[in-house]
Amino acid sequence: MTRAGGGAESEVLSRAAVAVFRLNRGFISALDRMALPCGLSAARWQLLSTVAEIPLSVSEAARRVGNTRQSVQRIADQLVREGLAVYQENPAHRRAKLLVATEKGVLARRRVDSSLAELARQVSESLGGGQEMDRTVTVLRALSQALPSLTDGEAP
């Protein structure tokens, strides 16, 4: 059965959206379970992972993680209060400080990443191996890039 005003393509896209929403919930749930013993949540781990390699302003980090600046600001402030990150001067912008992971933050992220590595092995095995995992990522990226409302013209 197709939806009113839709058609086959609309129905397929609708099923894809529901599948992606479920996948997102699954990722968040799994990451929350892995991150909790390290004092993190999925959102906090994601932000720490984003700024662990390169210091970013909160606005830049929000664009990278695909969230609002305000919600990323709230998480960034929590990370700073707990000593997992610090704000540093930004030579490119006087008022937009850079968020930088501290050593404590990098260690917490690495502990979660170790658990994530085991999950990745299990998922890859379930999908039939690394090549199938790569194909899945390629399809998800292509879907994301095909939806301009998700990326606002930026590549994910």
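Right above here is the structure, for reference.
Residues numbered from 1 in each chain as written. Predicted model: local features only at pLDDT ≥ 70, side-chain atom pairs only at ≥ 80, totals over all residues. Heavy atoms only, no water.

Thoughts on the pairing of strand β3 (residues 98–101)
Side-chain direction in a regular strand flips from residue to residue, so the side chains alternate between the two faces of the sheet.
And step 1. Burial of the side chains of β3 extends over both faces: L98 and V100 are buried on one face and L99 and A101 on the other.
And step 2. Sheet topology note: the strand β2 (residues 85–88)/β3 ladder contains 4 bridges and is antiparallel. Its bridge partner lying in β3, A85 is registered against A101. (Buried < 20%, exposed > 50% of the residue type's maximum accessible area, 1.4 Å probe, protein only. Helix = DSSP H or I, 4+ residues; strand = E, 2+ residues; numbered from the N terminus. Pairing = 2+ DSSP bridges.)

So, the sheet that holds β3
And step 1. Taken together, 3 strands build an open sheet; the order of strands is β1-β3-β2 and the sheet is antiparallel. Strands with a single pairing partner mark the edges of an open sheet, and in this sheet they are β1 (56–57) and β2.

Re the side chain of N90
And step 1. Structurally, N90 can be placed in the loop between β2 and β3.
And step 2. Side-chain polar atoms of N90 contact the backbone oxygen of A96, separated by 2.9 Å.
And step 3. With residues near it in sequence (within four places) discarded, N90 still touches A96, K97 and L98. (Polar contact = N/O pair within 3.5 Å; in protein donor to acceptor, adjacent residues only side chain to side chain. Contact = heavy atoms within 4.5 Å.)

A closer look at helix α2 (residues 42–53)
And step 1. The terminal C-alpha atoms of α2 lie 18 Å apart, and with 12 residues this matches the ideal 16 Å at 1.5 Å per residue to within 8%.
And step 2. For α2, the complete set of buried residues consists of A42, R44, W45, L47, L48, S49, T50 and V51.
And step 3. Looking at the buried positions of α2, the neighbouring elements they touch are α1 (8–35), β1, α3 (58–65), α4 (69–81), β3 and α5 (103–127). (Expected span 1.5 Å × (residues − 1).)

Examining α3
And step 1. Of the positions making up α3, those classed as buried are V58, A61, A62 and V65. Buried residues in α3, looked at end-on, bunch into an arc of 105 degrees, giving them a common side. In α3, those exposed residues whose orientation departs by more than 90 degrees from the buried face are R63 and R64.
And step 2. Contacts from the buried residues of α3 go to α2, β1, α4 and β2. (Arc of directions from axis to C-beta.)

Observations concerning the side chain of T102
And step 1. Its place among the elements puts T102 in the loop between β3 and α5.
And step 2. Apart from the residues within four sequence positions on either side, T102 is in contact with G83, L84, A85 and V86.

Details of the packing of α1 against α5
And step 1. Remark: α1 packs on α5, axes separated minimally by 9 Å, with the N-to-C direction vectors making an angle of 135 degrees. In this view, α1 runs oblique relative to α5, as classed from their interaxial angle. Where α1 crosses over α5, the handedness of that crossing is right-handed. Across the interface between the two elements, A30, L31, M34 and A35 of α1 pack against V112, S115, L116 and L119 of α5.
And step 2. The class makeup of the residues in the contact of α1 with α5 is 7 nonpolar, 1 polar and no charged. (Axes fitted to C-alpha atoms, helices over the stretch in contact; angles between N-to-C directions. Parallel < 35°, antiparallel > 145°, perpendicular 65-115°, else oblique. Left-handed = near helix turned anticlockwise from the far one by under 90°. Nonpolar A, V, L, I, M, F, W, Y, C, P; charged D, E, K, R; others polar.)

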